[in-house]
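Okay, here's what each chain looks like letter by letter:
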Amino acid sequence: MDRVSSFDEPLKKLLGGATAKVMAEHLGLHTVGDLLHHYPRRYEERGKLTALADLPLDEHVTVVAQVADARILMFNNGRGKRLEVTLTDGSGRLQLVFFGHGVHKPHKELLPGRQAMFAGKASVFNRKMQLAHPTYQLLDASDADEATEAVDAFAGRLLPIYPACKQLDSWRIAKAVDAVLPSAQDAVDPLPASLREGRGFTPLPEALLKVHRPQTKADVEDARARLKWDEAFVLQVALARRRYADTQLPAVARRPVAGGLLDAFDAKLPFTLTEGQEKVSKEIFDDLATEHPMHRLLQGEVGSGKTMVALRAMLTVVDAGGQAAMLAPTEVLAQQHHRSITEMMGELAEGGMLGGSDRGTKVVLLTGSMGMAARRQALLDLVTGEAGIVIGTHALIEDKVQFHDLGLVVVDEQHRFGVEQRDALRSKGKQPPHLLVMTATPIPRTVAMTVFGDLETSVLDQLPAGRSPIASHVVPAKDKPHFLARAWERVREEVENGHQAYVVCPRIGDDAEEAEGKKGKAKKKAPEEDPEKRPPLAVLEIADELRKGALAGLSVEVLHGRMHPDEKDDVMRRFAAGDVDVLVATTVIEVGVNVPNATAMVIMDADRFGVSQLHQLRGRVGRGSAPGLCLLVSEAHEASPARARLSAVAATLDGFELSRIDLEQRREGDVLGQAQSGVRSSLRMLTVIDDEEVIAAAREEAVAIVAADPELEHLPELRTVLAALLDKDREEYLDKG
């Protein structure tokens with residue numbers, strides 16, 4: 001085991017406490033192995049200057065450039081000093097600015113003609129791109145010793161530029177890497193020799209050396225190909241083992257019963273299922289009929305009819321003598337599902353009640369805020385088997401909840417649930433229940449293979465007939481305030497035509513929230529004039545403004561997560577009934593809320609939401625026969641990435657296309673929420689959007705290896721690396737089922 005130990009060595013031992021602390025806190029690097037896997041983001045060639053014209057706004061950047069001029073300016077009647085330095089690289093110019101006592105050293109060093117590496121956050125001031133107080137390292141030092149050292153370090157070499165942070169620049173990370181690089185020799189190689197040789201890969205120690213200190217571009221290519229493959233392969237082996245373990249679990253087969261609840265339900269449907277719904281239902285029914293648990297991911301565009309497919313699966317299980325549970329992420333959504341499912345089923349949802357169908361079953365709701373009597377009755381109906389279907393929030397997972405015979409669990413919006421919660425629910429069946437996971441966040445194929453790689457995937461990509469198109473537009477509130485005034489006019493017009501509208505804000509704006517904010521942020525008061533620093537717009541404030549101003553005379557109500565559940569349900573019911581014209585809400589309406597008469601949505605501070613979240617929200621309108629309208633209000637600068645994101649959302653209704661854009665813009669980011677942090681932290685080189693072929697090939701190899709040797713008895717190195725990657729948290733994270 002000694003070979004692994006140098007990789008496990010804490011950085012503190014080699015780099016000293018202060019540097020190790022910054023690395024741990026800001027970059028998540030704790031051991032020698034972590035640092036060796038902190039790969040350069042890109043490489044600069046000595047003498048080749050970065051394109052200043054392409055600098056991304058609001059990001060921490062590192063540039064190599066030449067000083068064109070430098071001058072000291074006085075302000076505040078000569079009491080304040082400012083040093084302004086202009087850099088050039090042939091493609092563009094960039095301004096650096098230093099204030100106060102910080103001007104002396106750069107004023108002496110940054111002379112016209114000097115070349116240096118600079119790091120800082122790129123921002124716009126007076127319409128010019130600038131770095132304020134950047135750190136820098138001269139590349140042509142005047143001191144003879146320094147000059148030799150600088151030339152040795154950089155001449156004729158590719159300069160690695162590392163993902164850095166404000167507290168630690170790229171070149172300081174490079175120095176730290178130099179200190180740990182000898183340990184690369186101890187790297188444990190996870191690839192079976194036959195696979196490594198068959199694919200002509202560089203040995204791992206050599207790949208680590210080449211990625212950090214390449215002599216040529218070919219070195220970088222070699223190293224990247226090898227390191228990408230490792231990441232994809234180890235992850236796919238973990239997923240393949242998970243799938244293999246699942247196939248070994250027993251489950252009760254639930255086969256459709258002729259003349260049962262499902263047939264009665266299908267007979268009363270006022271429409272025919274889409275081809276996609278038929279196909280996906282068949283895949284699910286085939287899985288339910290097997291004697292090991294189904295693990296299936298059902299992806300469907302917003303409004304593609306996933307709930308209908310899930311309900312038919314639940315009815316099949318009830319027909320076969322089992323019970324089905326549906327987990328929703330919020331109470332609003334659980335109540336909404338309960339309402340729509342009981343409406344769809346009609347008398348079939350009133351089994352055992354007067355006027356109910358003799359083929360029916362009970363459909364119960366179970367949430368944390370129910371009254372004691374209703375809760376006791378629901379629990380009783382579950383344990384006796386009287387209720388075939390239960391819909392609830394994570395309150396379903398509490399110890400008190402017992403089932404008669406749990407056969408199927410449907411999880412809505414998977415990525416909002418913790419793994420422990422799914423496990424707890426799974427343990428409530430006599431044998432593991434079948435699992436159907438639904439998401440309205442379209443996931444590109446590679447992400448599905450990487451993040452949901454242990455689930456079989458079904459995709460619903462047809463919208464049911466009768467759905468209307470949604471027109472989307474960006475409203476630049478800052479540049480063109482009259483556009484915002486026009487947006488409120490459009491809302492009024494929709495209401496006058498007998499329709500309703502949503503207004504979505506990122507924040508509630510109540511006292512509880514303010515108090516929390518004050519506790520955390522008392523020290524730092526943001527400047528009033530900076531729109532980036534102002535707090536996000538709030539539901540309560542906007543609702544108040546609209547009632548008094550642009551939408552005066554209309555019925556405007558609010559909905560947010562801190563309201564009492566009965567109050568929330570009351571507002572939703574009145575909105576669904578058409579008694580409320582405009583609902584001002586937080587993202588509690590993001591999923592599942594279904595009011596076909598609502599045709600317009602205005603999203604305030606839209607740049608503060610992610611792409612898939614905006615797509616989800618937009619899916620709440622255009623659910624009836626009238627066309628939908630979605631207005632994305634933003635004060636973001638026209639050239640900013642935030643505005644580019646909004647334009648992308650406005651340009652397409654295709655969720656798969658948007659999820660691709662989302663991935664490209666944020667890379668692995670939080671496309672699927674924090675639940676994926678386990679995998680994310682293990683993906684350093686692989687980008688799931690660009691490396692589809694690598695992932696697919698690695699998956700194939702992984703499946704073959706696990707089929708031949710499920711315990712990896714003959715591959716101890718692979719076992720060691722897996723154990724290191726899949727520490728308990730990540731192992732759990734991978735347990736999607």
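Colleague: If you had to explain helix 3 (residues 17-27) to someone new, which residues and values would you point to?
Modeller: What helix 3 keeps buried is the set Ala20, Val22, Met23 and Leu27. The buried residues of helix 3 occupy one face: seen down the axis, they fall within an arc of 160°. When the buried face of helix 3 is taken as reference, the exposed residues oriented beyond 90 degrees from it are Ala18, Lys21 and Glu25. Turning to helix 3, the residues buried within the fold contact helix 2 (11-15), helix 4 (32-36) and helix 7 (170-180).

Colleague: Before we move on, could you go through unusual backbone geometry and cite the residues and values that matter?
Modeller: You will see that histidine 133, though not glycine, has its phi angle at about 45°, which is positive. By relative accessible area, which is 41% here, histidine 133 ends up partly exposed. Although it is not a glycine, aspartate 605 sits at a positive phi angle of roughly 50°. Residue placement: aspartate 605 occurs in the loop between strand 20 (598-603) and helix 22 (611-618).

Colleague: Just give me the short version of the sheet that holds strand 11 (residues 362-366), but keep the residues and values in it.
Modeller: The strands making up a sheet associate through hydrogen bonds between their backbones, and the pairing can be parallel or antiparallel. Spatially, 11-12-10-13-14-9-15 is the arrangement adopted by the 7 strands of the open sheet, whose pairing is parallel. The sheet is open, and its two edges are formed by strand 11 and strand 15 (456-460), each paired on a single side. With direction set aside, neighbouring strand axes in the sheet form an average angle of 20°. Sheet topology places strand 10 (residues 323-327) next to strand 12 (residues 387-392); 4 bridges connect them, and they run parallel. Paired with leucine 327 across the two strands is glycine 392, which belongs to strand 12.

Colleague: Mind laying out the pattern of salt bridges, listing which residues take part and the relevant values?
Modeller: All told, the structure shown has 33 salt bridges when counted by the stated rule. The partner of arginine 296 in a salt bridge is glutamate 283, with the nearest N and O atoms 3.6 Å apart. Of this pair, arginine 296 sits in strand 9 (residues 295-300) while glutamate 283 is found in helix 12 (residues 275-288), placing the two residues 13 residues apart along the sequence. Residue classification places arginine 296 among the buried positions, given a relative accessible area of 9%. A residue is classified by how much of its surface remains accessible, and glutamate 283, at 24% relative accessible area, is partly exposed.

Colleague: Tell me about the sheet that holds strand 20, and please be specific about residues and values.
Modeller: Judged by pairing direction, the sheet is parallel, and its 6 strands sit side by side in the order 16-21-20-17-19-18 without closing on themselves. Of all strands in the sheet, those bounded by a partner on one side alone are strand 16 (470-476) and strand 18 (556-559). Averaged over all neighbouring strand pairs, the angle between strand axes comes to 20°, with direction disregarded. Here strand 18 runs beside strand 19 (residues 582-585); their pairing, made up of 4 bridges, is parallel. The residue bridging valine 558 from the neighbouring strand is valine 584, located in strand 19. Where helix 22 meets the sheet, it contacts strand 16, strand 17 (500-504), strand 20 and strand 21 (628-634), and its direction lies at approximately 150° from that of strand 20.

Colleague: I'd like a rundown of the nonpolar core, residues and numbers included.
Modeller: Soluble globular proteins tend to pack their nonpolar side chains together in the buried interior. One finds Val582, Val584, Ile589 and Ile603 to be the most contacted residues of the largest nonpolar core, which totals 57 residues. Aside from chain neighbours lying at most four places away, what touches isoleucine 589 is Tyr502, Val504, Leu559, Leu583, Met601, Leu617 and Arg620. With 39 residues, the next largest nonpolar core counts Leu261, Met294, Leu298 and Leu333 among its residues.

Colleague: Pulling in residues and values, what's your account of the confidence of the model for the protein?
Modeller: In regions of low pLDDT, the predicted coordinates are not meant to be interpreted in detail. Of the residues in the protein, 83% reach a pLDDT of 70 or more, and the chain-wide mean stands at 81. By mean pLDDT, the top-scoring element of the protein is strand 17 (95), and the lowest-scoring one is helix 25 (residues 677-682) (44). Confidence over residues 667-681 falls short of pLDDT 50; this stretch has 38 contacts with residues more than four positions distant or in other chains. Confidence drops under pLDDT 50 across residues 728-737; counting only partners more than four residues distant or on other chains, this segment forms 40 contacts.

Colleague: Explain helix 13 (residues 306-319) to me, and be specific about the residues and the numbers.
Modeller: The terminal C-alpha atoms of helix 13, which comprises 14 residues, lie 20 Å apart, in line with the 20 Å expected from a rise of 1.5 Å per residue. Counting buried positions along helix 13 yields 13 of 14 residues, so the element is predominantly enclosed. Once helix 13 finishes, glycine 321 follows within two positions and takes phi at roughly 90°, a positive value.

Colleague: Before we move on, could you go through the packing of helix 12 against helix 13 and cite the residues and values that matter?
Modeller: Two elements in contact, helix 12 and helix 13, have axes separated by 10 Å at closest approach and are oriented at 30°. Between helix 12 and helix 13 lies a crossing whose hand is right-handed. Seen from helix 12, the contacting residues are Gln277, Val280, Ser281, Ile284, Phe285 and Leu288; seen from helix 13, they are Met308, Val309, Arg312, Ala313, Thr316 and Val317. Along the lines of polarity and charge, the residues of the contact of helix 12 with helix 13 split into 8 nonpolar, 3 polar and 1 charged.

Colleague: Explain the packing of aromatic side chains to me, using residue names and the numbers behind them.
Modeller: One pass over the full model with this rule turns up 4 aromatic pairs. Ring geometry for phenylalanine 201 and tryptophan 229: centres 5.6 Å apart, planes at 35°, overall tilted. Here phenylalanine 201 is found in the loop between helix 8 (193-198) and helix 9 (204-212), whereas its partner tryptophan 229 is found in helix 10 (residues 217-247), with 28 residues between them in sequence. As far as burial versus exposure is concerned, phenylalanine 201 and tryptophan 229 are alike and both buried. One aromatic cluster in this structure is built from Phe98, Phe118 and Tyr136.

Rules used in this analysis
- Residues numbered from 1 in each chain as written.
- Predicted model: local features only at pLDDT ≥ 70, side-chain atom pairs only at ≥ 80, totals over all residues.
- Heavy atoms only, no water.
- Buried < 20%, exposed > 50% of the residue type's maximum accessible area, 1.4 Å probe, protein only.
- Helix = DSSP H or I, 4+ residues; strand = E, 2+ residues; numbered from the N terminus.
- Arc of directions from axis to C-beta.
- Contact = heavy atoms within 4.5 Å.
- Pairing = 2+ DSSP bridges.
- Axes fitted to C-alpha atoms, helices over the stretch in contact; angles between N-to-C directions.
- Salt bridge = Lys/Arg side-chain N within 4 Å of Asp/Glu carboxyl O.
- Core = buried A, V, L, I, M, F, W, Y, C linked by side-chain atoms within 4.5 Å.
- pLDDT = per-residue confidence, 0-100.
- Expected span 1.5 Å × (residues − 1).
- Left-handed = near helix turned anticlockwise from the far one by under 90°.
- Nonpolar A, V, L, I, M, F, W, Y, C, P; charged D, E, K, R; others polar.
- Phe/Tyr/Trp six-rings, centres within 6.5 Å; stacked < 30°, edge-to-face > 60°.

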